[in-house]
Amino acid sequence: MKNNQRLGRSLQWLTRLSVVLMAAEVITVFLSWIVTAAMPWLPVRSVLSSEGIRWFFGRFVDNMLSPVFLWLILGAMAYAVWRDSQFSFRCTNYRQRFALQLAVAEALGVVVVMMMLTLMPQAILLSPSGSLFPSSASDSFVPLCCATAFLMASTYGMASGRFAGLTDVMLSLTKGTQLLLPLLFVYMLCCQLAASIHFIFFP
């Protein structure tokens, strides 16, 4: 019941944000048209011009592509499994303590492996110059955190009895779409608004 209430409040907030972003996009488009019509000497492009319309339709997919898109998907998956596993550091019985120990051991294992791949001399995940930022390690930080959370929650859920098996884990993943789809819609609106502003003011 509490989860449904939290989900309902989150959807209300995301709905309001979506409306604001859509309004901002419409205003931005029409302002670009008005400014270019009234002051054509300014280095501003109109989204409603022939060039702008071709850009809007031709670059729409490219505007959506960024690492954040994958981060949202992985984050929603990890959050859904973590929530349904009822992961907690407060254990009331032996089975929960055992499940927590397994999950913590997995997290420590991930940390040890990453330290070996980044802190050792000539570490594999460092950049060719030997720096950590940017490098393969820094690029994979968010996906690695999501994967670790997913692994810990799955193990905890199955070891504690919250999940009967991998099928329950997969069912939990599907619940993540309830929050993921609204988030993706907001993400798309943000990307398009940012791309429109860049197209208008940075020709």
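How each quantity is defined
- Residues numbered from 1 in each chain as written.
- Predicted model: local features only at pLDDT ≥ 70, side-chain atom pairs only at ≥ 80, totals over all residues.
- Heavy atoms only, no water.
- Helix = DSSP H or I, 4+ residues; strand = E, 2+ residues; numbered from the N terminus.
- Rg over C-alpha atoms; globule rule 2.2 N^0.38 Å.
- Buried < 20%, exposed > 50% of the residue type's maximum accessible area, 1.4 Å probe, protein only.
- Contact = heavy atoms within 4.5 Å.
- Areas by Shrake-Rupley, 256 points an atom, 1.4 Å probe, with all protein chains shown as cover.
- Lys, Arg positive; Asp, Glu negative; His and termini not counted.
- Charge placed at Lys NZ, Arg CZ, Asp CG, Glu CD.
- Core = buried A, V, L, I, M, F, W, Y, C linked by side-chain atoms within 4.5 Å.
- Expected span 1.5 Å × (residues − 1).
- Polar contact = N/O pair within 3.5 Å; in protein donor to acceptor, adjacent residues only side chain to side chain.
- Salt bridge = Lys/Arg side-chain N within 4 Å of Asp/Glu carboxyl O.
- Axes fitted to C-alpha atoms, helices over the stretch in contact; angles between N-to-C directions.
- Parallel < 35°, antiparallel > 145°, perpendicular 65-115°, else oblique.
- Left-handed = near helix turned anticlockwise from the far one by under 90°.
- Nonpolar A, V, L, I, M, F, W, Y, C, P; charged D, E, K, R; others polar.

## Overview of the overall build of the chain
In step 1: Within the chain, the regular secondary structure consists of nine helices and zero strands.
In step 2: Listing each helix as α and each strand as β along the chain from the N terminus yields α-α-α-α-α-α-α-α-α.
In step 3: Against the compact-globule benchmark of 17 Å for 203 residues, the chain has a radius of gyration of 23 Å, which places it well outside the compact range.
In step 4: On the principal axes, the C-alpha backbone points of the chain span a range of 75 × 50 × 25 Å.
In step 5: For the chain, with 203 residues in total, the buried portion stands at 32%.
In step 6: The long-range fraction of contacts in the chain, counting pairs at least 24 apart against all pairs at least 6 apart in sequence, stands at 70%.
In step 7: Here the chain has roughly 13100 Å² of accessible surface; of this, 72% comes from carbon and sulfur atoms.
In step 8: Taking the average place of the 13 positive charges on the side chains of the chain and the average place of its 7 negative ones, the gap between the two points comes to 14 Å.

## A few points about the nonpolar core
In step 1: Counting eight residues, the largest nonpolar core consists of Phe 87, Ala 99, Leu 100, Ala 103, Ala 107, Met 152, Tyr 156 and Ala 159.
In step 2: Those elements that place two or more of their residues in this core are helix H5 (94-118) and helix H7 (141-160).
In step 3: Those residues in contact with Tyr 156 that lie beyond four places of it in its chain are Ser 85, Gln 86, Phe 87, Ser 88, Gln 96, Ala 99, Leu 100 and Ala 103.
In step 4: With seven residues, the next largest nonpolar core counts Val 29, Val 47, Trp 55 and Phe 199 among its residues.

## Let's talk about unusual backbone geometry
In step 1: At Gln 86, a residue that is not glycine, the phi angle is positive and equals roughly 55 degrees.
In step 2: As for its position among the elements, Gln 86 is in the loop between helix H4 (67-85) and H5.

## Section: H5
In step 1: Under the 1.5 Å per step criterion, the end-to-end length of H5 is 36 Å for 25 residues, consistent within 8% with the ideal 36 Å.
In step 2: What H5 keeps buried is the set Ala 99, Leu 100, Ala 103, Ala 107, Met 114 and Thr 118.
In step 3: Tucked into the core, H5 has its buried residues touching helix H6 (136-139) and H7.
In step 4: A side-chain oxygen of the first residue of H5 lies 3.2 Å from the backbone nitrogen of Arg 95; this N-cap is Asn 93.

## Section: the pattern of salt bridges
In step 1: In the structure shown here, the tally under the stated rule is three salt bridges.
In step 2: Two residues, Arg 45 and Glu 51, come together in a salt bridge whose shortest N-O distance is 3.0 Å.
In step 3: Classification of Arg 45 as partly exposed rests on a relative accessible area of 21%.
In step 4: Residue Glu 51 is classed as partly exposed on the basis of its relative accessible area of 36%.
In step 5: For Arg 83, the salt bridge is made with Asp 84, and the minimal N-O distance between the two is 3.4 Å.
In step 6: For Arg 83, a relative accessible area of 24% puts it in the partly exposed group.
In step 7: For Asp 84, a relative accessible area of 10% puts it in the buried group.

## Section: the packing of helix H8 (residues 166-175) against helix H9 (residues 177-201)
In step 1: Direction vectors running N to C along H8 and H9 enclose 35 degrees, while the axes themselves pass 5 Å from each other. Between H8, through Leu 173, Thr 174 and Lys 175, and H9, the contact on the second element is made entirely by Thr 177, Gln 178 and Leu 179.

## Focus on the packing of H4 against H7
In step 1: Between H4 and H7, the least distance of the axes is 8 Å, while the angle of their chain directions is 20 degrees. Regarding the angle of H4 to H7, the classification is roughly parallel. Between H4 and H7 lies a crossing whose hand is left-handed. When H4 is examined against H7, the residues Trp 71, Leu 74, Gly 75, Ala 78, Val 81, Trp 82 and Ser 85 are found in contact with a partner set consisting of Val 142, Pro 143, Cys 146, Ala 149, Phe 150, Met 152, Ala 153, Ser 154, Tyr 156 and Gly 157.
In step 2: A per-class count over the contact of H4 with H7 returns 13 nonpolar, four polar and no charged.

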